[in-house]
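Commentary on secondary and tertiary structure
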Amino acid sequence: METVRPTIESLQNDRIKQVVRLRDASARRKAGRFLIDGWREIELAAKHGVAIETIYFDSPTDSRHERLSIQVDLSDTTLQPVSPKVLERISYGQRDQAPVAVAITPQFELQRLQWQAPQIVLVLDRTEKPGNLGACLRSASAAGVAAVILTDPVCEPCNPNTIRASRGSLFTVPLAVTTRAEFQAYSRHYRIPSFAARVTASTELWDQDFTSGGAFLFGSEAHGLDHDWFPPAPNNGLHHDFIIPMRGSPDSLNLSISTAITLYEAVRQQRTI
């Protein structure tokens, strides 16, 4: 059964100081822990196998932990009541006294994923902005993709802004973090068709055949995809470039918008077969 402790009221409490430090990326990496803000996000994480160590909540005004403990297994979780000022100190942004959980960072290993046609996999290379990553995860979850794979990411998946922007989808979509070289080897092993979004491509999105599924590749917000991604020869014709047609002055679309358009075009095509 989950453990409930006496209310913490001091901002100088050592445990609270440790929680505050987890707002920093280097502290998260060192501790192997990260923070989750909000009951909905905490519940999604717990339901999908993320180990929740402690939940900090405002005890006088929030009894939702009782309903949460019925819906998910919190047998190894400490429920820690805190004062409103303490909760405000450890919270990310304005969450209206939402609880904060300390969770163990999952192992986002590529090899636990096994692709099978006609699955759709979203691959994001060197993604820089946590908000964009979160929005991409949200679209990927809505489109029902098999997995999201991050190659050499600049921002970490467990960044608080990523979790918030994803609306908890970070926990509902199978996720892997790897290098470009490792993913290319993985792709060759499974003979995964790849479709790379490039502003220099000659074939429009609508003219690609996505019915057999594959990996949809998107580069960083600032630089796009390098041209050494999947040269045609080693991939036996499995690699394709495409462009999302645009009217007007923009030279490119926001990363999260581009991924959403492409994923839903693939879903649309697969529904017609």
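Refer to the structure printed above.
Throughout what follows, the structure given in this document is the object of discussion. If you're wondering where the values come from, they're calculated on a predicted model, not measured in any experiment. (Residues numbered from 1 in each chain as written. Predicted model: local features only at pLDDT ≥ 70, side-chain atom pairs only at ≥ 80, totals over all residues. Heavy atoms only, no water.)

Attention now goes to the side chain of D58. You can see D58 is positioned in strand 3 (residues 52–58). Here D58 falls in the buried class, since its relative accessible area comes to 3%. For D58, the residues in contact, after removing those within four places along its chain, are V82, P84, L87 and Q97. (Helix = DSSP H or I, 4+ residues; strand = E, 2+ residues; numbered from the N terminus. Buried < 20%, exposed > 50% of the residue type's maximum accessible area, 1.4 Å probe, protein only. Contact = heavy atoms within 4.5 Å.)

All right, on to helix 6 (residues 130–143) then. A rise of 1.5 Å per residue sets the reference length of helix 6, with its 14 residues, at 20 Å; its end C-alpha atoms lie 20 Å apart and thus fit the reference within 8%. Every buried residue of helix 6 is accounted for by P130, N132, L133, G134, C136, L137, S139, A140 and A143. Buried residues in helix 6 make contact with strand 6 (120–125), strand 7 (147–151), helix 7 (160–166), strand 8 (175–178) and helix 9 (255–271). One or two positions beyond helix 6, positive phi appears at G144, with a value near 75 degrees. (Expected span 1.5 Å × (residues − 1).)

The next point concerns the layout of surface pockets. Considering only enclosed or pocket space, the largest pocket measures out at about 510 Å³ in volume. In terms of lining, the largest pocket is formed by 23 residues, of which the most central are A197, V199, G224, S252 and L253. Taken together, the residues that form the lining of the largest pocket break down as ten nonpolar, ten polar and three charged. A volume near 300 Å³ is recorded for the second largest pocket. Looking at the second largest pocket, it is lined by 15 residues, and the ones nearest its centre are R29, F108, E156, P157 and V177. Of all the secondary structure elements, the ones that give two or more residues to the lining of the second largest pocket are helix 2 (25–31) and strand 2 (33–37). (1 Å grid on protein atoms, 1.4 Å probe; cavity = no way out; pocket = protein on both sides within 12 Å on 5 of 7 lines; lining within 4 Å. Points joined across faces, edges and corners; volume = space filled by probe spheres on them. Nonpolar A, V, L, I, M, F, W, Y, C, P; charged D, E, K, R; others polar.)

Our focus in this paragraph is unusual backbone geometry. In the segment running from A117 into P118, the intervening peptide bond is cis, with an omega of 5 degrees. Here P118 shows up in the loop between strand 5 (100–104) and strand 6. We note that R167 has phi near 55 degrees; this positive angle belongs to a residue other than glycine. Secondary-structure assignment places R167 in the loop between helix 7 and strand 8.

Positionally, A196 belongs in strand 9 (residues 194–197). Considering only alpha carbons, one finds A196 and H239, 43 residues apart in sequence, at a separation of 7.7 Å. Those residues in contact with A196, other than ones at most four positions away along the chain, are L217, L225, H239, H240, D241 and F242.

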